[in-house]
Amino acid sequence: MEKLIEKYTAFFGAAPTVCSQAPGRLEILGNHTDYNQGFVLSCAVEQVTKVALRPVDGKHCKFKDFRDNSIREFDLDNIDTAIPKDWCNYIKGVIVELRKRGIEVGAFEAGMESTVPLSAGMSSSAALETAVGFSLREAFGIELAPADWARVGQGVENNYMGLKSGLLDQFSSIFGKKDSMILSDFRTVEVLRTAALPSGYSIVVINSMAKHNLVDSEYNVRRQDCESAAEKLAQIYPDVKTLRDVSMEQLAAAEPALGEREFRRALHVVGECTRVMKAVELLENNDVAGFGQLWFESHESSRVNFENSTPELDYLVELAKSVPGGLGARLSGGGFGGISIHLVKSEDAEEYAKRVQAGYKTRTGIEAEYIICAIGDGASSRKL
Ligand code: GLA
């Protein structure tokens, strides 16, 4: 943070008065379950977005990205619509969402740094929304419950960006716990418990380098499929509100009532909720091999049932089955490109990542970036 504060002060000619940081996240298991009010096992990572900020008089805001030295300026009276593909949307959107909750902020000058990979599936946008929100909270004394801050970020995606995403990304960025995965329930919107990664094992993130931009993807179409499947299932089982309420047995019995595609979408979501709960049980019994197997099953279901994988991600997961040291692998996050996550013995992690990288390069010609990921803490902010 000290470096960001120095750069900020040199650039703006005055020191920031508040700062915040928010991490990216990994979805460990529980793919596309959040907006179906289901369960997810996720974690925050050590890659974070940092924001430093100072309130100024008037209506004119400046936001500097110290990664590439770009700057955005906007007037608080003129932020109602998003500018296509501009990163500043994630900042203006937060202010718009706060206004909807009756909260006004004043003008500010702010700067950011980030180590969260962009457009990879590690929630760089949620990290930015959360870091901005938390800085504004400190600067303007905003009182909102942590889960409501996650809803502000989700509101930016849903309303400002038009992506009908769930709460997972912002929620994980806020509620993440160092060295632990969190099991979250997206009906009650709470962390049910934490689960440590078995000691001696690491998560290796391998980026397929195929940009994943969910706004332009079929994400919203998948959500619609899930909702229409849930509506049909509710006609058969009146207690069903979302796919979270459906058991595997109920789904199997109702197959003829659903379209073929809807059935596969529902099978993915119901299967993922089941896998999340099974994972927690396996972790309690220190069954790492079983836990890793669930990652492979999750990916297979993404590939076949939810169709949110890509040939590149499939290949990375295929490599995990042959490279020594790999216990499990899957796409993580929305899908349609971006990262895969691999469960690997820590002592093998570096060698494993290099071998997968080499195999991927031979087949695709693409240099996949990798990170041996440590699990970090949730977002924080403070006055300076
Ligand atoms: C994206 C969305 C999340 C969640 C995941 C898939 O990351 O932003 O809300 O739906 O995809 O689980």
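Just above sits the structure.
Thresholds, definitions, all that
- Residues numbered from 1 in each chain as written.
- Predicted model: local features only at pLDDT ≥ 70, side-chain atom pairs only at ≥ 80, totals over all residues.
- Heavy atoms only, no water.
- Helix = DSSP H or I, 4+ residues; strand = E, 2+ residues; numbered from the N terminus.
- Buried < 20%, exposed > 50% of the residue type's maximum accessible area, 1.4 Å probe, protein only.
- Pairing = 2+ DSSP bridges.
- Axes fitted to C-alpha atoms, helices over the stretch in contact; angles between N-to-C directions.
- Contact = heavy atoms within 4.5 Å.
- Near = heavy atom within 4 Å.
- Polar contact = N/O pair within 3.5 Å; in protein donor to acceptor, adjacent residues only side chain to side chain.
- 1 Å grid on protein atoms, 1.4 Å probe; cavity = no way out; pocket = protein on both sides within 12 Å on 5 of 7 lines; lining within 4 Å.
- Sits in = over half its atoms within 2 Å of the grid points.
- Domains from an automatic or database assignment.
- Points joined across faces, edges and corners; volume = space filled by probe spheres on them.
- Nonpolar A, V, L, I, M, F, W, Y, C, P; charged D, E, K, R; others polar.

**Q** How would you summarise the environment of Ala 358 if you had to cite specific residues and measurements?
**A** Among the secondary structure elements, Ala 358 is positioned in helix 11 (residues 349-364). According to the relative accessible area criterion, Ala 358 is partly exposed, its value standing at 42%. Separated by 148 residues in the primary sequence, Ala 358 and Ala 210 place their C-alpha atoms 17 Å from one another.

**Q** Account for the sheet that holds strand 9 (residues 326-331), with residues named and values stated.
**A** Strands sit in the order 9-10-8-11 across an open sheet of 4 strands; the sheet is antiparallel. Each edge of the open sheet is held by one strand with a lone partner, namely strand 9 and strand 11 (370-373). Sheet twist, expressed as the mean angle between neighbouring strand axes with direction ignored, is 20°. Bridge count for strand 8 (residues 201-207) against strand 11 is 4 bridges, and the pairing is antiparallel. Each bridged residue has a counterpart across the sheet, and for Val 204 the counterpart in strand 11 is Ile 372. This element, helix 9 (residues 288-306), spans strand 8, strand 9 and strand 10 (339-345) of the sheet and lies at about 30° to strand 9. Strand contacts of helix 11: strand 8, strand 9, strand 10 and strand 11, with the helix running at about 155° to strand 11, the strand carrying the most contacts.

**Q** Residues and numbers for the site of the ligand, please.
**A** Around the ligand, 14 residues are found, and the nearest of them are Glu 27, His 32, Asp 34, Asp 169 and Tyr 219. At 2.8 Å from an oxygen atom of the ligand is found a side-chain nitrogen or oxygen belonging to Arg 25. The cavity where the ligand resides is the largest pocket. The residue makeup of the shell around the ligand includes at least three contributed by each of domain 1 (2-196) and domain 2 (201-373).

**Q** Describe the layout of surface pockets, listing the residues and the values that go with them.
**A** Put simply, the largest pocket is a space of about 990 Å³. Forming the walls of the largest pocket are 47 residues, and the residues nearest its centre are Tyr 90, Ser 119, Ser 124, Ser 125 and Asn 213. Counting residues per element, the ones that place at least two in the lining of the largest pocket are strand 1 (18-29), helix 2 (89-100), strand 5 (108-114), helix 3 (124-140), helix 4 (146-161) and helix 5 (168-175). In terms of residue class, the lining of the largest pocket is built from 18 nonpolar, 16 polar and 13 charged. Lining the lining of the largest pocket are residues from two domains, each supplying at least three of them: domain 1 (2-196) and domain 2 (201-373). Taken as a whole, the second largest pocket encloses approximately 160 Å³ of empty space.

**Q** Give a description of empty space enclosed by the protein that names residues and reports values.
**A** Taken as a whole and assessed by the stated rule, the structure comprises 1 cavity of 30 Å³ or more. Put simply, the largest cavity is a space of about 30 Å³. If you trace the largest cavity, you find it lined by Val 94, Glu 129, Thr 130, Gly 133, Phe 134, Trp 149, Val 152, Gly 153 and Ile 174. Going through the elements one at a time, helix 3 and helix 4 are the ones with two or more residues in the lining of the largest cavity. Broken down by element, the lining of the largest cavity gets its largest block of residues, 4 residues, from helix 3. Of the residues contributing to the lining of the largest cavity, the split by class is 5 nonpolar, 3 polar and 1 charged.

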